[in-house]
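Okay, here's what each chain looks like letter by letter:
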Amino acid sequence: MSFLLPIAKWIAKSDRQHETAPRSKAQPTVEWQVNGLCNYDCTYCIQSRKSRVGYPDTATIDAIVGGLGTLPGVWEVKMSGGEVFAFKGFIDHVVPQMMHRTQHVISVLTNFSAPIHVLRRFSELTGSRLRITSASFHPDTAKLDEFLAKAIEYRECRESNNPNSSFVVNVVLVPGSVSHHFRYRDALNDAGLRYFPQLMKIRGGVYPYDDSEIAMIAEITGGSCNPREVNRAPNYQGFFCEAGMSYFIVDQKGEAYTCRTAKKYSGVDDAFAPDEDDDAVNGQDDFKVKARLGSFVRGDFQLFREGGLCPYSICPCTVPANRGIVHLPPHTKIPTEEEFDA
Ligand code: SF4
Ligand code: SF4
């Protein structure tokens with residue numbers, strides 16, 4: 001029940017349009033889930049199989065790109081799936097449209113399974129506007145030596161075409177396989193690549209690792225809680241957050257939400273079907289409305305004019321923290337613009 005008060009405060013604050021918000025130092029960021037389709041089937045995927053399907057038609061892509069093009073200033077548009085490169089229209093239509101019709105910088109989250117000639121094409125198309133390639137290594141499907149070889153080849157492409165870009169390798173700390181991460185970390189670091197471990201998320205929070213794996217995770221991460229170094233899916237409930245104002249997500253149909261967790265509690269995300277026993281979910285109709293920012297396809301998308309206090313008990317993605325969207329306490333290291341790349 002402690003959940004309800006922050007929700008009410010956040011709704012009330014978002015309605016008070018003229019109240020002065022804390023000064024923003026955020027990098028405005030949108031996460032566009034371009035397509036649901038994925039060519040992998042990871043056991044720990046937080047997206048349900050049912051939701052890992054589909055891709056947008058040309059009219060939907062054009063409507064979303066057109067809407068993104070009207071955002072004020074330069075935003076970081078981080079594109080993900082499913083797996084974006086598994087959708088042919090991504091490289092053939094989405095990326096060229098983003099480059100021609102918007103002023104924004106581009107980031108991508110990928111399982112890095114695309115052939116190197118496709119990644120090279122992406123590197124060429126995005127040029128100086130490519131910001132971050134966030135490549136997930138999935139040991140059940142991908143081979144580490146092949147992943148490393150491709151990452152080194154892709155680095156050469158980026159050095160030529162994308163001088164303002166960075167590269168990070170995400171690896172989920174899968175229960176029962178945490179010990180393998182010493183090898184992953186060392187191999188990536190030896191190749192000059194950045195290793196970024198992620199605690200495994202399950203419905204309701206983070207997986208309850210046993211004591212021996214908790215100890216290994218502490219050793220692997222050096223005990224860090226810095227969102228630049230490890231994704232611990234923290235709880236920022238009660239912190240001021242600019243989600244809805246300087247940050248939002250948009251799905252493959254063009255529907256926009258203030259953040260990933262907001263989409264979960266809006267009742268539309270199958271992968272995170274709300275827990276019917278959770279008092280915080282039941283009867284929160286106002287809150288569900290507040291999670292939605294409208295649609296780029298219908299043309300009723302609208303940003304909030306200010307942020308509010310985070311009402312949620314989990315922030316599953318490091319993007320809001322690492323872009324300054326969440327106002328973290330002073331002792332938390334907030335990365336500079338040059339530093340953030342998770
Ligand atoms: S590659 Fe990513 S989206 Fe695809 S199944 Fe694995 S975790 Fe899910
Ligand atoms: S802190 Fe995270 S979960 Fe909370 S409102 Fe902001 S983006 Fe959403």
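Everything in this summary refers to the structure shown in the same document. These numbers were taken from a predicted model, which means no experiment stands behind them.

## Observations concerning the overall build of the chain
Of the regular secondary structure elements, the chain holds 10 helices and 13 strands. Taken over 342 residues, the chain has a buried fraction of 43%. Of the contacts formed within the chain by residues at least 6 apart in sequence, a portion of 80% connects residues at least 24 apart.

## As for the packing of helix H4 (residues 116-126) against helix H5 (residues 144-161)
Taken N-terminus to C-terminus, the directions of H4 and H5 make an angle of 20 degrees; their axes are 9 Å apart at the nearest point. One finds that H4 runs roughly parallel with respect to H5. Crossing of H4 against H5: the hand is right-handed. Counting all contacts with H4, which are made through Ile116, Leu119, Arg120, Ser123 and Glu124, the residues of H5 involved are Lys150, Glu153, Tyr154, Cys157, Arg158 and Asn161. Along the lines of polarity and charge, the residues of the contact of H4 with H5 split into 4 nonpolar, 2 polar and 5 charged.

## Details of the site of ligand 1
Contacts to ligand 1 come from Cys38, Tyr40, Asp41, Cys42, Cys45, Gln47, Gly81, Gly82, Glu83, Asn111, Ser136 and His138. Split into classes, the residues belonging to the shell around ligand 1 amount to 4 nonpolar, 6 polar and 2 charged.

## A short note on unusual backbone geometry
The omega torsion of the bond from glycine 81 to glycine 82 falls at 25 degrees, within 30 degrees of zero and hence cis. Its place among the elements puts glycine 82 in the loop between strand E2 (76-80) and helix H3 (88-101). Here the phi dihedral of phenylalanine 112 falls at roughly 65 degrees; this positive angle occurs in a residue that is not glycine. Following the sequence through the fold, phenylalanine 112 ends up in the loop between strand E3 (105-110) and H4. Look at phenylalanine 112 and you get buried, because 24 C-beta atoms sit within 10 Å.

## Regarding the site of ligand 2
The immediate surroundings of ligand 2 are formed by Tyr236, Cys241, Ala243, Cys259, Thr261, Ala262, Cys310, Tyr312, Cys315, Pro320 and Val326. Considered class by class, the residues forming the shell around ligand 2 number 10 nonpolar, 1 polar and no charged.

## Some thoughts on the sheet that holds E2
Taken together, the 9 strands give an open sheet; going across it, the order is E6-E5-E4-E3-E2-E1-E10-E11-E12, and neighbouring strands pair in mixed fashion. In this open sheet, the two strands that pair with only one neighbour each are strand E6 (194-199) and strand E12 (292-295). Pairwise comparison of adjacent strand axes, ignoring direction, gives a mean angle of 20 degrees for this sheet. With 6 bridges connecting them, strand E5 (residues 166-173) and E6 associate as parallel partners. Across the sheet, the residue bridging to valine 168 is arginine 194, located in E6.

## Thoughts on the pairing of E6
In terms of residue burial, E6 counts as a mostly covered element, since 5 of its 6 residues are buried. Handedness of the β-α-β unit built from E5, helix H6 (residues 181-190) and E6 comes out right-handed.

## Details of the environment of leucine 193
Tracing the sequence through the fold places leucine 193 in the loop between H6 and E6. Here leucine 193 falls in the partly exposed class, since 19 other C-beta atoms lie within 10 Å of it. Residues leucine 193 and serine 166, spaced 27 residues apart in sequence, show a C-alpha to C-alpha distance of 9.8 Å. If we skip the residues at most four places from it in the chain, leucine 193 touches Ala151, Phe167, Val169 and Leu188.

## Thoughts on the pairing of strand E1 (residues 29-33)
Both faces of the sheet carry side chains from a regular strand, because those side chains alternate between them. A large share of E1 lies buried, amounting to 5 of its 5 residues. Of the two faces of E1, the one carrying Thr29, Glu31 and Gln33 and the one carrying Val30 and Trp32 are both buried. Strand direction decides the pairing type here: E1 and E2, joined by 5 bridges, are parallel. In the strand pairing of E2, tryptophan 32 is matched with methionine 79. Remark: the E1/helix H2 (residues 58-69)/E2 crossover connection has right-handed handedness. Pairing of E1 with strand E10 (residues 247-250), which is carried by 4 bridges, proceeds in the parallel orientation. Following the sheet pairing, threonine 29 is matched in E10 by tyrosine 247.

## As for the environment of proline 175
Turning to its location among the elements, proline 175 is positioned in the loop between E5 and H6. Proline 175 sits 35 residues away from aspartate 210 along the chain, and the two C-alpha atoms are 8.6 Å apart. If sequence neighbours within four positions are ignored, proline 175 has contacts with Met200, Tyr207, Tyr209 and Glu213.

The rules behind the values
Residue positions are given per chain, counting from 1 as you read along its sequence in written order. Chains and ligands are labelled sequentially in the order written, the chains with letters from A and the ligands with numbers from 1. Only residues with pLDDT of at least 70 get local features here, since the model is predicted, and only at 80 or more are side-chain atom pairs given and counted; chain-wide, interface and lining totals rely on the full set of residues. Secondary structure elements follow DSSP: runs of H or I no shorter than four residues count as helices, runs of E no shorter than two count as strands, and numbering proceeds from the N terminus. With C-beta atoms placed from the backbone, a residue is buried if 20 or more other C-beta atoms are within 10 Å of its own, exposed if 12 or fewer are, and partly exposed between those counts. Here the contact rule is simple: place C-beta atoms from the backbone, and any two residues whose C-beta atoms are within 7 Å are in contact. Fitting a line to C-alpha atoms yields each axis, with helices limited to the stretch in contact; the angle taken between N-to-C directions then spans 0 to 180 degrees. Orientation categories follow fixed angle ranges, with anything under 35 degrees roughly parallel, anything over 145 roughly antiparallel, 65 to 115 roughly perpendicular, and all other angles oblique. Crossings are assigned a handedness: left-handed for a near helix turned anticlockwise from the far helix by less than a right angle, right-handed for a clockwise turn. Three categories are distinguished: nonpolar for Ala, Val, Leu, Ile, Met, Phe, Trp, Tyr, Cys and Pro, charged for Asp, Glu, Lys and Arg, and polar for the others, with Gly belonging to the last. Near, as applied to residues and a molecule or strand, means the residue's backbone-placed C-beta atom lies within 6 Å of it. Paired strands, in this sense, are two strands between which DSSP finds at least two bridges. If you view a crossover with the strands going away from you and the path from the first strand over the helix to the second runs clockwise, you call it right-handed.

The values are spatial; any link to function lies outside them.
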